[in-house]
Amino acid sequence: MTPRQARRIRIVLASVLMAAMAVVLVVRLASRTSVLVVGVYGAALVLCGVVIELSRHGRTRLGTWLLGIGLAAALAADWLLLP
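Please read these numbers as outputs of a predicted model, since none were measured by experiment.

Q: Account for the environment of leucine 75, with residues named and values stated.
A: Assignment of secondary structure puts leucine 75 in helix α3 (residues 60–81). The sequence separation of leucine 75 and alanine 44 amounts to 31 residues, and the corresponding C-alpha distance is 9.1 Å.

Q: Which residues make up the UniProt feature "transmembrane region" (unreviewed entry) in the protein chain, and what values go with them?
A: Look at the UniProt record and you will see "transmembrane region" (unreviewed entry) annotated at residues 12–30, 36–55 and 62–82. Across residues 12–30, helical content stands at 100% and strand content at 0%; the span's end C-alpha atoms are separated by 27 Å. Secondary structure across residues 62–82 divides into 95% helix and 0% strand, with the first and last C-alpha atoms of the span separated by 28 Å.

Q: Outline the packing of helix α2 (residues 35–56) against α3, listing residues and values.
A: The description of two packed helices rests on the angle between their axes and on the distance between the axes. Between α2 and α3, the least distance of the axes is 9 Å, while the angle of their chain directions is 175°. Overall, the two elements α2 and α3 adopt an arrangement that is roughly antiparallel. The segment α2 lies against α3, with Leu36, Val40, Tyr41, Ala44, Leu47, Cys48, Val50, Val51, Leu54 and Ser55 engaging Thr60, Leu62, Gly63, Leu66, Leu67, Gly70, Leu71, Ala74, Ala77, Asp78 and Leu81. Residue composition of the contact of α2 with α3, grouped by class: 16 nonpolar, 4 polar and 1 charged.

Q: Could you give an account of a nonpolar patch on the surface, with specific residues and numbers?
A: Side chains of Leu36, Trp79, Leu80 and Leu81 sit close together on the surface and give an oily, nonpolar patch of about 510 Å² of accessible area. Ranked by residues supplied to the nonpolar patch, first place goes to α3 with 3 residues. Checked against the element boundaries, leucine 80 lands in helix α3.

Q: Outline the side chain of threonine 60, listing residues and values.
A: With respect to the helices and strands, threonine 60 occurs in helix α3. A relative accessible area of 15% means that threonine 60 is categorised as buried. Residues contacting threonine 60, with those up to four places away along its chain left out, are Ala6, Arg7, Arg10 and Ser55.

Q: Explain the pattern of salt bridges to me, and be specific about the residues and the numbers.
A: The full count for this structure, using the stated rule, is 2 salt bridges. For the salt bridge of arginine 28 with aspartate 78, the shortest nitrogen-to-oxygen distance reads 3.0 Å. Here arginine 28, found in helix α1 (residues 3–31), pairs with aspartate 78, found in helix α3; they are 50 residues apart in sequence, far enough to count as distant. The buried category is assigned to aspartate 78, whose relative accessible area is 15%. Between arginine 56 and glutamate 53 there is a salt bridge, and its shortest N-O distance comes to 2.8 Å. In this pair, arginine 56 and glutamate 53 are both assigned in helix α2, 3 residues apart and thus about one turn of the helix distant. Residue classification places arginine 56 among the exposed residues on the basis of a relative accessible area of 51%.

Cut-off values and rules
Residues numbered from 1 in each chain as written. Predicted model: local features only at pLDDT ≥ 70, side-chain atom pairs only at ≥ 80, totals over all residues. Heavy atoms only, no water. Helix = DSSP H or I, 4+ residues; strand = E, 2+ residues; numbered from the N terminus. UniProt positions renumbered as here; feature names shortened; annotations may be inferred. Axes fitted to C-alpha atoms, helices over the stretch in contact; angles between N-to-C directions. Parallel < 35°, antiparallel > 145°, perpendicular 65-115°, else oblique. Contact = heavy atoms within 4.5 Å. Nonpolar A, V, L, I, M, F, W, Y, C, P; charged D, E, K, R; others polar. Patch = residues over 30% accessible without salt bridge, like charges linked within 9 Å, V, L, I, M, F, W, Y side chains within 5 Å. Areas by Shrake-Rupley, 256 points an atom, 1.4 Å probe, with all protein chains shown as cover. Salt bridge = Lys/Arg side-chain N within 4 Å of Asp/Glu carboxyl O. Buried < 20%, exposed > 50% of the residue type's maximum accessible area, 1.4 Å probe, protein only.

Put into structure tokens, the structure is as follows:
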């Protein structure tokens, strides 16, 4: 895989995950309105945007690690912190 293809794959992956996080945010807000819900999923949305920018600038490995660890932390925070 060429570096250009790797960047494009990471950008598409982060974009799809950003859309998924937005959908989950809307669903969670419909069931329970909380500032903590907005904070957790808002941070996940910002994280996806940061990964897109990192991938655009050629930092695909860093973006991949950040995306994996960050989204795992967001899902863990959802499970542990949100009722």
